[in-house]
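Residue strings, one per chain:
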Amino acid sequence: MLDLLRRPRTRSQARAALILLAVLLALLPFLTEAALGRSWVRVLDFALLYVILALGLNIVVGYAGLLDLGYVAFYALGAYLYAWLASPHFGLHLPFWAVLPLGAALAGVFGVLLGAPTLRLRGDYLAIVTLGFGEIIRIFMNNLNAPVNITNGPQGINLIDPVHVAGLSFGKTQQVLGLTLSSAHFYYYLFLAFTLATIFIAYRLQDSRIGRAWVAIREDEVAAAAMGIDTRNVKLLAFAMGALFGGLAGGLFAAFQGFISPESFNLWESILILCMIVLGGMGHIPGVILGALLLTVLPEALRYLGDWQRLVLGEVLVEPTDLRMLLFGAALVLMMIYRPEGLIPSRQRKREFHAEDGVLEQEQASLYDTRT
Amino acid sequence: MALLQVRGLKVAYGGIRAVRGIDLDVDDGELVCLIGANGAGKSSTLRGITGLVHASGEIRLAGKRLGGLPTHAIAREGVALVPEGRGIFARLQVWENLAMGAYARRDKGVDEDLARVYELFPRLAERRQQIAGTLSGGEQQMLAIGRALMSRPRLLLLDEPSMGLAPLMVRKIYDTIQAIARQGVTILLVEQNAHLALQVSARAYVMESGGITLAGTSGELASDPAIQAAYLGS
């Protein structure tokens, strides 16, 4: 179906595929609940959240080629801003449509703040500084409960307001149009809307002037500057745009969970989001989406390993949590060996990892420039 | 007045003074070359002019001061650099590289210029869909020059276009450089291969350990016994 969407044979076929996809996405939470139970609808919600995060980080890492290992800091900032402005912690209860943009903007500003001192850094050095930035934010959140209690320290902030739309609270199970919708269902549709918007923006950015400038900087910064590209501003913009989506996802996360603490924003999260991009296909939007979906859904599926063991062996030999991490690591190692370009790489990236035989031959022949 | 006017240009990397206060002029429509041995400061001069390294002294393009401007602003003033080692966007296709050359332009003549570049380099036209990194060295040099031309520069700076190329390919590249100069593009050519550079240029400067030691028309310099001994190997 995806193939049809990309290369529709006729107009009506394209429309049919699109309608089918829309219906599927609309029914997905109900199908999931019926087949696997309500907890899986929550997994779906998280999968969408991670799609937003991965697409945001993809702007920085995939498009502009800036390795950012502290991406989770922006996620944390968005989440904390939401908690401060919509919870009993400060007694503020602003509506979500006001808080979400503020959180995204705050993250964007911090994106520039992080970007500015790291402009001259590349590769490993940039990774180290961004990693430090991520930890700084987390440690601040962990310790800013004294002398003035801003973040409530390691206990985190509780009772965060759920999203309200037209008098409908997303935090409770309610009847809408004769359907029983749980909180997870409501958030599914909200997240789906934001995810679709993010995908749309990601595509538009990729094909824009700025998108081309990012690619040029990724390829060769000196040459990019020589083309008249303001490398400083364009890099800062990449950090800001990426951070914006991180902040947005953070706000959504806070509203959805109703509780946040510094623990949710550790280094592992940054690495996980980066893994989604690498696994799916860096810089390629369908790949990044697939990576995010796989890495949220698969670990949940692997939870059943305990039950299977009990069923087959009569006892739990290996703790599912241990096994999950083991399998996760093994999957990544196998990927790096057999498909380093990712599951759905862009044509460009695929070529880079697998020079076709013809090209290689041509390359070798032209080394000597015999035909002139 | 000269299109490019350089007065007292100095470039230093920490304590090492690579360029020690040189004067240089390139007139409108002229092909001027800057020759000298490895490490004489030729590339540093170009890097200083384009703002890639910090330089002191005065650099003017058609009277406008360029000193202190960032590289991208200097590029937008119409100074196109073909850097040493070409600096092509290796993972992009040939036409994408060329399109990137016109990044700062907002006028309508881009397609026209693209056609002109393809005319100048038929090899690139044949390979417009090819990934630039898989081109041969000579083709990459063509691409780098073509990309610089796409910005419709007032001044084209070429840094060692013959480097690492087979003799036949060097010949081809130099023919094209001459063709470009004949079309009226002002060129400052930096080259270690003095023999070639003096053949195609009108005037030349000779650089040695950070300073300009000789200047004159290329014909004069080519017959200068000191130059012949030092650079032309005869």
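Residues numbered from 1 in each chain as written. Chains lettered and ligands numbered in written order. Predicted model: local features only at pLDDT ≥ 70, side-chain atom pairs only at ≥ 80, totals over all residues. Heavy atoms only, no water.

### Remarks on the domain arrangement of chain A
Residues and elements named next belong to chain A.
Reasoning step 1: Taken as a whole, chain A is organised into domain 1 (1-37) and domain 2 (38-366).
Reasoning step 2: Contacts between domain 1 and domain 2 engage nine residues on the former and 12 residues on the latter.
Reasoning step 3: Roughly 1000 Å² of surface becomes buried between domain 1 and domain 2 when both sides are summed, with 67% attributable to carbon and sulfur atoms.
Reasoning step 4: Looking at the side of domain 1 facing domain 2, the largest losses of area belong to Pro29, Phe30 and Glu33, adding up to 44% of the total buried there.
Reasoning step 5: Linking domain 1 with domain 2 are one salt bridge, by the criterion used here.
Reasoning step 6: In this structure, Arg38 and Glu33 form a salt bridge, with 2.9 Å as the shortest nitrogen-oxygen distance.
Reasoning step 7: The tally of links from domain 1 across to domain 2 stands at six residue pairs in polar contact (both at pLDDT 80 or more). (Domains from an automatic or database assignment. Contact = heavy atoms within 4.5 Å. Buried area = accessible area lost by both parts, 1.4 Å probe. Salt bridge = Lys/Arg side-chain N within 4 Å of Asp/Glu carboxyl O. Polar contact = N/O pair within 3.5 Å; in protein donor to acceptor, adjacent residues only side chain to side chain.)

### Section: a nonpolar patch on the surface
Residue and element names in this part refer to chain A.
Reasoning step 1: Residues Ile19, Val23, Leu24, Leu27 and Leu31 make up a contiguous nonpolar surface patch of roughly 430 Å² in combined accessible area.
Reasoning step 2: Residue placement: Ile19 occurs in helix 2 (residues 11-36).
Reasoning step 3: For Ile19, a relative accessible area of 49% corresponds to the partly exposed category. (Patch = residues over 30% accessible without salt bridge, like charges linked within 9 Å, V, L, I, M, F, W, Y side chains within 5 Å. Areas by Shrake-Rupley, 256 points an atom, 1.4 Å probe, with all protein chains shown as cover. Helix = DSSP H or I, 4+ residues; strand = E, 2+ residues; numbered from the N terminus. Buried < 20%, exposed > 50% of the residue type's maximum accessible area, 1.4 Å probe, protein only.)

### Structural notes on the confidence of the model for chain A
All names here are of chain A.
Reasoning step 1: Confidence in the prediction for chain A averages 86 pLDDT; 91% of positions are at 70 or higher.
Reasoning step 2: Within chain A, the lowest mean pLDDT, 48, falls on helix 16 (residues 357-366), and the highest, 96, falls on helix 4 (residues 72-85).
Reasoning step 3: Predicted confidence for residues 362-372 stays below pLDDT 50, and this span has 18 contacts to residues more than four positions away or in other chains. (pLDDT = per-residue confidence, 0-100.)

### A few points about the environment of Asp25(B)
Residue and element names in this part refer to chain B.
Reasoning step 1: Relative to the helices and strands, Asp25 is located in strand 2 (residues 16-26).
Reasoning step 2: Considering only alpha carbons, one finds Asp25 and Arg60, 35 residues apart in sequence, at a separation of 9.7 Å.
Reasoning step 3: Beyond its immediate sequence surroundings of up to four residues, Asp25 is in contact with Ala2, Leu4, Gln5, Val6, Arg7, Val32, Arg203 and Tyr205.
Reasoning step 4: Of the polar contacts made by the side chain of Asp25, one reaches the side chain of Arg7; its length is 3.1 Å.

### Overview of helix 4 (residues 110-120) of chain B
Residues and elements named next belong to chain B.
Reasoning step 1: Buried within helix 4 are the following residues: Asp113, Val117, Tyr118 and Leu120. Along helix 4, the residues classed as buried sweep out an arc of 160° about the axis, all on the same side. For helix 4, exposure combined with an orientation more than 90 degrees from the buried face picks out Asp111 and Glu119. (Arc of directions from axis to C-beta.)

### Things to note about the confidence of the model for chain B
All names here are of chain B.
Reasoning step 1: Scored by pLDDT, chain B comes out at a mean of 90, with 99% of its residues at no less than 70.
Reasoning step 2: Least confident of the elements in chain B is helix 10 (residues 225-232), whose mean pLDDT is 79; most confident is strand 7 (residues 155-159), at 95.
Reasoning step 3: Complex prediction metrics read pTM 0.86 and ipTM 0.87.

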